[in-house]
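Spelled out, the chains give:
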Amino acid sequence: MHLTEFQKKVHAEVDELLEDADAPANSKVLLKFNYLECVIKESMREVTSSCTDNFENSWRRYDYRYPYVRLLNKIPGPDGAPIFGCFFLGVFTPRNEIISLFENFFDTYGHIVRSWTGPIGVIYIGSAENAQTILSSTTHIDKCFVYDFFKPWLGSGLLISTGEKWHHRRRLLTPAFHFTILEKFFGAIVANSKLLVKKLDSKTNLPKFNIVPYLTECSLLNICETAMGVKMDKEIHLRDDYLKSSHIYNQTMYDRTMNPLLHPAALFRLSSKYKRQMNAVELLHKMSNNVIQKRIAERQRFKRGEATLSNDSKLNGRPKTIHIADSDLNPKLGKCLKVSIRSVRTAHSNRREFLDVLLDISEQDPGSFTINDVREEVDTFMFEGHDTVSIALYWTVYLVGLHPYIQEKVHTELDDVLGSADAPANLKTLQELKYLECVIKESLRLYPSVPVVVRTSGEDVIIGGYKVPAGSIVSVHIHRIHHLREHYHNPDEFDPSHFFPENAQSRHPFAYLPFSGGPRNCIGQKYAMMEMKIVLATFFKHYKVKSLSRREDVKVILDTLGRADGGIWVQLHKRRPVVS
Ligand code: HEM
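Scoring rules and cut-offs
- Residues numbered from 1 in each chain as written.
- Predicted model: local features only at pLDDT ≥ 70, side-chain atom pairs only at ≥ 80, totals over all residues.
- Pairing = 2+ DSSP bridges.
- Helix = DSSP H or I, 4+ residues; strand = E, 2+ residues; numbered from the N terminus.
- Contact = placed C-beta atoms within 7 Å.
- Axes fitted to C-alpha atoms, helices over the stretch in contact; angles between N-to-C directions.
- Buried ≥ 20, exposed ≤ 12 C-beta atoms within 10 Å, placed from the backbone.
- Near = placed C-beta within 6 Å.
- Nonpolar A, V, L, I, M, F, W, Y, C, P; charged D, E, K, R; others polar.
- Expected span 1.5 Å × (residues − 1).
- UniProt positions renumbered as here; feature names shortened; annotations may be inferred.

## Concerning the sheet that holds strand β10 (residues 543-547)
Spatial ordering of the open sheet is given by β3-β13-β10, a layout of 3 strands whose pairing is antiparallel. Single-partner strands in this sheet number two, and they are β3 (209-210) and β10. One ladder, built from 2 bridges, connects β3 with strand β13 (residues 569-574); its direction is antiparallel. Paired with Phe209 across the bridge in β13 is Val570. The sheet strands contacting helix α17 (residues 371-402) are β10 and β13, and the helix crosses β10 at an angle near 85°.

## Some thoughts on the pairing of strand β2 (residues 120-125)
Burial analysis of β2 places 6 of its 6 residues in the buried class, the great majority of the element. Alternating positions in β2 separate into two faces, Ile120, Val122 and Tyr124 on one and Gly121, Ile123 and Ile125 on the other, with burial throughout. Of the strand pairs in this sheet, strand β1 (residues 112-117) and β2 are connected by 6 bridges, and their pairing is antiparallel. Bridging across to β2, Ser115 finds its partner in Val122. Once β1 ends, the chain turns through 2 residues before running back antiparallel as β2, passing Gly118 with a positive phi of about 55°. As paired strands, β2 and strand β9 (residues 473-477) are joined by 4 bridges and run parallel to one another. Following the sheet pairing, Ile125 is matched in β9 by Val476.

## So, the environment of Val410
Position of Val410 among the secondary structure elements: in helix α18 (residues 404-418). Along the chain, Val410 and Glu502 lie 92 residues apart, while their C-alpha atoms are 20 Å from each other. Residues contacting Val410, with those up to four places away along its chain left out, are Val400, Tyr435, Leu436, Val439 and Phe540.

## Observations regarding the sheet that holds β2
Strand order in the open sheet made by the 4 strands is β1-β2-β9-β6, with mixed pairing throughout. Strands with a single pairing partner mark the edges of an open sheet, and in this sheet they are β1 and β6 (452-456). Direction aside, the axes of adjacent strands within the sheet are offset by 25° on average. Its contacts with the sheet place helix α8 (residues 128-135) against β1, β2, β6 and β9, and it is angled at close to 130° to β9.

## Regarding the site of the ligand
Taken together, 23 residues lie around the ligand, and Glu384, Gly385, Thr388, Cys522 and Gly524 are the ones closest in. Those elements that place two or more of their residues in the shell around the ligand are α17 and α23 (525-542). With 7 residues, the top contributor of residues to the shell around the ligand is α17. Of the residues in the shell around the ligand, the class split is 14 nonpolar, 6 polar and 3 charged.

## Topic: α17
Counted at 1.5 Å a residue, the expected span for α17 with its 32 residues is 46 Å, and the 47 Å between its end C-alpha atoms agrees. For α17, a buried count of 28 out of 32 residues is recorded, marking the element as mostly surrounded by other parts of the structure.

## Quick word on the UniProt feature "binding site: heme" (unreviewed entry) in the chain
Within this structure's numbering, the places UniProt gives as "binding site: heme" (unreviewed entry) are Cys522. Considering the arrangement of structural elements, one finds Cys522 in the loop between α22 (501-504) and α23. We classify Cys522 as buried; it has 20 C-beta atoms within 10 Å. Every residue in contact with Cys522, bar those within four places of it in the chain, is listed here: Phe515 and Ser516.

Spelled out as structure tokens, the structure:
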């Protein structure tokens, strides 16, 4: 179809609806301009997605033979305002109401919902079956363009990267979270948990205090000391700056995501949020650079025979070059890849910790794996590895503190399994804490640290009976799926029995997604479960907690993660003497 034909259609619609009038008389008339609205949406979509198609091509999509907008509009969803769609809802709904807004969409329109934010169409998925269609596929594996707003901070690390880069890095880093490596982290996490207990000592019997900063600090120390192999207990200012900056970055990221006017980089740079974000990035990178430099220095001291490595890994001289078989590789990467580390495909004893894997490659091949490549992964894992965990920790403490009967059962199990010990001794002890594990899982169900994950559909796909065209933004609402009565007998209650084997075994595999699902699930989930169990076992062994706010008064505030609005205010009482 030529441009002139589109124009003819626009003119025909205008003539039909306006007749002799010069302009639309009121909003009722405006609502009837269906074709014009589609044209405007499509042009704005092309502009904001920086499509390289020429203008004529972008109009050609409007041909009714290529009906992107019509396809999406077949899916039920709110109409919103003419042209703007739900733009105003997104921008003006307070962050602590946004989850309720999505819930209303699902209640009104069903398990699959479409909305327009200006030119951007988004499909919301609120059922386990539809989540499985998207998440289990290797085709719909790319993230949506808004994840790119993380780039100033995270570069294109594992969370954001796509295609071959993602495949390669995922394969490279997966062994760094194997359970033989996790075992080595046990001692460090126990030590930091005891430190937490000690710090909380001064808070016992206070009328109230916010426990969030304590748990956040503990999870940051843990990820630094384990995966990165660096102790950061002395760097108080650096840590504080990091945590504040991470908070600011996540807020500005959310504001940009919800407001399409801030999507183009040129417009975002003009806003005050950009400056805040850049100041935050500077401090965030200061922390990650510090971590990397410390580890490099420690490795050098180790090689000179002056020190042992703090995470107990062994560098036996120079790393060997190994060859990986063709069958191990993504075919697009070439026939055979020389890899300079011992850990990629390995016997257990050769597995390496996360940062050492990266530094080994960078030392061997600094040209193709630069220190910036190392840093983008360090930034990614430090963010994902501390923030998600601390959120899960504080929601668990909160929920247990609201339910004395459940707390009693947690205490009884801890006393039975740990005896007089202050903390779990090893992985075997941890496995025996079965009730605590159900408690953690149940907290992650009610308050998933990541309430929503977003993908771009890699090809046309049928979801819930509707055809969703390739390139559509599909957002999977984990929070919603976790609250469906068809999967959980009392979905809004805190009830750890949801995860007793007899209740969980026949559940739909995509009805519980705190770590997402499918090939792009969370790489750190085993690490996270181990860490949470150690920290919470140590904490509850020492303390009895009382949460001071009712569930209906503590709202989830969404940035990129689902946080507790206003913190978690509790009272603590000692159960046994604090260790020295
Ligand atoms: C309670 C703790 C955690 C929760 C609830 C959680 C949840 C998730 C979820 C839902 C995703 C998918 C994100 C998306 O598709 O947008 C994800 C991805 C990821 N997580 Fe976690 N996570 C946790 C802990 C961790 C830890 C401890 C680490 C690192 C040590 C980690 C590293 C990552 C990374 C690197 C990705 C991206 C994986 C990829 O795209 O291949 N996470 N996580």
